[in-house]
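A structural walkthrough
Residue strings, one per chain:
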Amino acid sequence: IDNKRIDISNYKKSISHYKPRTISKKISILRGFLNYLVDKYEFKIIGDEPLATVETNIKTIPIDSIKKALDKANLLEYTIIYLSFRLGLKVSEIS
């Protein structure tokens, strides 16, 4: 950090050995914090050129299946299903 300028190009180089999806996730998290600094303290970000987007194959569960599962679930199952859906958890994060 120098005169309210943050250069993240070295950080991007340091994580370049990770898989593209991991890099995207790390940069996304960092970008959220940096946007806060830009908004709150008028920082300028250097080295934040757009990244190539990563194609992901995310499994989705149809809403009808979720509703049916909620109808048949006991209280614990209902709570788990409901919170998972509301928090936007992926199938791979639950199983």
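Residues numbered from 1 in each chain as written. Predicted model: local features only at pLDDT ≥ 70, side-chain atom pairs only at ≥ 80, totals over all residues. Heavy atoms only, no water.

The next subject is the side chain of Ser 84. Position of Ser 84 among the secondary structure elements: in helix α4 (residues 75–87). Assessed through its relative accessible area of 11%, Ser 84 is described here as buried. In contact with Ser 84, other than residues within four places in its own chain, are Leu 89 and Ile 94. (Helix = DSSP H or I, 4+ residues; strand = E, 2+ residues; numbered from the N terminus. Buried < 20%, exposed > 50% of the residue type's maximum accessible area, 1.4 Å probe, protein only. Contact = heavy atoms within 4.5 Å.)

Tallying each qualifying case throughout the model produces three aromatic pairs. Ring plane angle 5° and centroid distance 6.1 Å describe the contact between Tyr 78 and Tyr 82, whose orientation is recorded as stacked. Separated by four residues within a single helix, Tyr 78 and Tyr 82 lie in helix α4, roughly one turn from each other. Overall, the relative accessible area of 38% leaves Tyr 82 in the partly exposed class. Among the aromatic residues, ring-to-ring pairing joins Phe 33, Tyr 36 and Tyr 41 into one connected group. A cation sits over an aromatic face here: Lys 26 above Tyr 18, 5.1 Å from the ring centre. (Phe/Tyr/Trp six-rings, centres within 6.5 Å; stacked < 30°, edge-to-face > 60°. Lys NZ or Arg CZ within 6 Å of the ring centre and 35° of its normal.)

Right, let's talk about α4 for a bit. Since there are 3.6 residues in each turn of an α-helix, residues three or four apart along the chain are aligned in direction. Here α4 is 13 residues long and its end C-alpha atoms lie 18 Å apart, about the 18 Å a rise of 1.5 Å per residue gives. Measuring from the side-chain oxygen of the N-cap residue of α4 to the backbone nitrogen of Leu 76 gives 3.1 Å; that N-cap residue is Asn 74. (Expected span 1.5 Å × (residues − 1). Polar contact = N/O pair within 3.5 Å; in protein donor to acceptor, adjacent residues only side chain to side chain.)

Over its 22 residues, helix α2 (residues 20–41) extends 30 Å from the first C-alpha to the last, a length consistent with the 32 Å expected when each residue adds 1.5 Å. All of the buried residues along α2 are Ile 23, Ile 27, Leu 34 and Leu 37. Here the buried residues of α2 occupy an arc of 70° about the axis, which is enough to place them on one side. In α2, the exposed positions angled more than 90 degrees off the buried face are occupied by Lys 25, Ile 29, Asp 39 and Lys 40. Packing partners of the buried residues in α2 comprise β1 (5–7), α1 (9–14) and β2 (44–46). In the segment just after α2, Glu 42 is the residue with positive phi, at about 60°. (Arc of directions from axis to C-beta.)

Turning our eyes to something else, we now look at the environment of Val 38. Within the secondary structure, Val 38 sits in helix α2. Judged by relative accessible area, which is 30%, Val 38 ranks as partly exposed. With 34 residues separating them in the primary sequence, Val 38 and Lys 4 have C-alpha atoms 9.1 Å apart. Other than its neighbours up to four places away in sequence, Val 38 contacts Phe 43 and Ile 45.

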